[in-house]
Amino acid sequence: MDRDLWSGLAVFAAIVEAGSFARAATRLGLSASALSHAMRSLETKIGVRLLDRTTRSLAPTPAGEALLLRLKPAIESVETALGDLDGDRGKPVGRIRVSAHRPAALYAILPRLADFARTYPAVAVELVVEDGLVDIVADRFDCGVRHAMTLQADMISVPISGPVPLVYVASPIYLADRVPPAAPDDLEAHRCLCYRHTSSGIVHRWEFERDGRAFERTILGDFVTNDVDVMRDAAVAGLGIACLPIPHAERQLAHGTLVEVLAGWAPTLPPNHLYYPSRRQPTVAFRAFVDAMRV
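In every chain, residue numbers begin from 1 and rise along the written sequence. With the structure being a predicted model, the display of local features is reserved for residues of pLDDT at least 70 and the display and counting of side-chain atom pairs for 80 or more, all residues being used for whole-chain, interface and lining totals. As a convention, hydrogens and water are excluded, and side-chain values are obtained from all of the structure's heavy atoms.

**Q** Before we go on, may I ask you to explain the overall build of the protein in this structure?
**A** Along its length, the protein carries 10 helices and 15 strands. Whether a residue is buried, partly exposed or exposed follows from its accessible area with a 1.4 Å probe, protein chains only, as a fraction of its type maximum: under 20%, in between, or over 50%, in that order. Counting only residues that meet the buried cut, the protein has 39% of its 295 residues in that class. Per element, the accessible surface of the protein, about 15,600 Å² overall, is 54% carbon and sulfur. One way to put it: in the protein the 32 positive side-chain charges average out to a point 5 Å from where the 34 negative ones average out. Runs of E in the DSSP output that reach at least two residues are strands. Runs of H or I that reach at least four are helices, and both are numbered from the N terminus. For the area figures, the Shrake-Rupley method with a 1.4 Å probe applies, and any residue is considered shielded solely by the protein chains shown. His is not counted here, nor are the chain ends, while Lys and Arg score as positive and Asp and Glu score as negative. In this description, the location of a charge corresponds to atom NZ of lysine, CZ of arginine, CG of aspartate or CD of glutamate.

**Q** Just checking my understanding: could you explain the sheet that holds strand E4 (residues 123-129) for this structure?
**A** Through backbone hydrogen bonds, the strands of a sheet pair up, either in parallel or in antiparallel fashion. Pairing between strands is defined by DSSP: at least two bridges between the two strands are required. In spatial order, the strands read E4-E3-E5-E15-E6; together these 5 strands make up an open sheet with mixed pairing. At either margin of the open sheet sits one strand with a lone partner, and together these are E4 and strand E6 (155-159). Strand-to-strand twist in this sheet, taken as the mean axis angle between neighbours without regard to direction, amounts to 25°. Summarising the sheet, E6 and strand E15 (residues 272-277) pair through 5 bridges and their orientation is antiparallel. Each bridged residue has a counterpart across the sheet, and for Ile 156 the counterpart in E15 is Tyr 276. Should any heavy atoms of two residues lie within 4.5 Å, those residues are counted as being in contact. Orientation is described by axes fitted as lines to C-alpha atoms, over the contacting stretch for helices, and by angles from 0 to 180 degrees between their N-to-C directions. Against the sheet, helix H10 (residues 284-293) engages strand E3 (94-100), E4, strand E5 (143-147), E6 and E15, with an angle of about 165° to E15.

**Q** Even after reading the chapter, I still don't get the confidence of the model for the protein, so can you show me in this structure?
**A** The predicted coordinates ought not to be read in detail in places where the model reports low pLDDT. Per-residue confidence from the prediction method is given by pLDDT, with values spanning 0 to 100. Summarising the model, the protein shows a mean pLDDT of 88, and 93% of its residues fall at 70 or more. Across the protein, the secondary-structure element scoring lowest on mean pLDDT is helix H5 (residues 86-89), at 54, and the one scoring highest is strand E13 (residues 259-261), at 98.

**Q** Help me out: how do you make sense of the nonpolar core in this one?
**A** Across soluble globular proteins, you tend to see nonpolar side chains buried next to one another. Nine residue types can take part in a nonpolar core, namely buried Ala, Val, Leu, Ile, Met, Phe, Trp, Tyr and Cys, and a core is a set of them joined through side-chain atoms within 4.5 Å. Counting 22 residues, the largest nonpolar core has Ile 109, Val 145, Leu 274 and Phe 289 as its most contacted members. Residue assignment for this core shows that the elements contributing at least two residues are E3, helix H6 (102-119), E5, E15 and H10. Apart from the residues within four sequence positions on either side, Ile 109 is in contact with Val 98, Ala 100, Ala 104, Leu 127, Val 145, Ile 160 and Met 293. One finds Tyr 168, Leu 175, Cys 194 and Leu 262 within the second-largest nonpolar core, a separate group that totals 19 residues.

**Q** Can you help me understand the packing of H6 against H10 in this one?
**A** Packed helices, taken two at a time, are described by the angle between their axes plus the distance between the axes. Between H6 and H10, the shortest axis-to-axis distance is 9 Å and the interhelical angle comes to 120°. It follows that H6 is oblique to H10 by the angle criterion. Here H6 and H10 pass one another in a crossing that is right-handed. The segment H6 lies against H10, with Ala 108, Ile 109, Arg 112, Leu 113 and Phe 116 engaging Ala 288, Phe 289, Ala 292 and Met 293. The residue classification treats Ala, Val, Leu, Ile, Met, Phe, Trp, Tyr, Cys and Pro as nonpolar and Asp, Glu, Lys and Arg as charged. All others, Gly included, are polar. Partitioning the contact of H6 with H10 into residue classes produces 8 nonpolar, no polar and 1 charged. Orientation labels follow simple angle bins: below 35 degrees gives roughly parallel, above 145 gives roughly antiparallel, 65 to 115 gives roughly perpendicular, and whatever is left gives oblique. Helix crossings get a hand from a simple test, with the near helix turned counterclockwise from the far one by less than a right angle marking a left-handed crossing and a clockwise turn marking a right-handed one.

**Q** Help me out: how do you make sense of the environment of Ser 200 in this one?
**A** On the secondary structure map, Ser 200 appears in the loop between strand E8 (193-195) and strand E9 (206-210). Of the residues examined, Ser 200 reaches a relative accessible area of 48% and is grouped as partly exposed. On a C-alpha basis, the gap between Ser 200 and Asn 226 in space is 11 Å, while along the polypeptide they are 26 residues apart.

**Q** How should I be thinking about helix H8 (residues 228-236) in this particular structure?
**A** Because each turn of an α-helix spans 3.6 residues, side chains separated by three or four positions in sequence point in the same direction. Residues Val 228, Asp 229, Met 231, Arg 232, Ala 234 and Ala 235 constitute the buried set of H8. Where the residues of H8 are buried, they touch H6, E8, strand E11 (223-225), strand E12 (242-245) and helix H9 (246-255). Polar contacts, as counted here, are pairs of nitrogen or oxygen atoms within 3.5 Å of one another; within protein the pair requires one atom able to donate a hydrogen and one able to accept it, and residues that are adjacent in sequence qualify only if both atoms are side-chain atoms. For H8, the N-terminal capping position is held by Asp 227, with its side-chain oxygen 2.8 Å away from the main-chain nitrogen of Asp 229. Just downstream of H8, Gly 238 is the residue with a positive phi angle, here 95°.

**Q** Quick question: what am I supposed to make of unusual backbone geometry here?
**A** The general pattern is negative phi for most residues beyond glycine and trans for most peptide bonds. The phi angle at Arg 140 is positive, at roughly 60°, despite the residue not being glycine. With respect to the secondary-structure elements, Arg 140 resides in the loop between E4 and E5. Take Arg 140: its relative accessible area is 18%, and that puts it in the buried class.

In structure tokens:
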């Protein structure tokens, strides 16, 4: 195959994956103008427009979409072949792209990355933190990390944490002139901080467990956010009561900037799982990463 043509096709796939010339240029270590020139050359050479571009967005044309559908398996096959050379090099080499929600990124993945980097210095890790659900195949991630009940179908999954307990919290500032809630019904007299799911746009229903009984309740939040860090900091600032993963509130609870309320009512989330497509042929580097993350 014409070397320039193959290079142009790889650039095309990278631009669509990144969603913009600028982001693709950063990933590839090239200038946006160089990518633009490569795309013009490719479209001229094959005589078909592959991208619809405006000043604010880009998307593949129908012809580009059809080409990309055929192109992706070929690119993945080349990447797998290159990864298989790891064994010949004597050590894992490559880049691992991971999509993880924030609590898992902070408390399940990051604590293990320093040891992993020392053991496998030739393996780079790109950790993309996003709380919404993503299609890891379409977005070309090597793996994703989510709670067990939200995993995509047809995936191999590996637990990387134990069950994740939740805690209801508020700040001493907020509780200074209020009676703390002792049961879920008491929340009607309080300001509540709620989380909106990025993917669905739905405000999370609060969950409760007590004496083997579990139930949910719709809470009309006085403050709503799609970021767990913002929700925690809003609670610290005295804005109201929040429900947080315990690891995300441990430091604030230890320092007294947050205190537990509704003790004994908070549920526990399933373990975090690292997952990847069952049809994927793992490289040596990827297998090393999975082994380093598993519990």
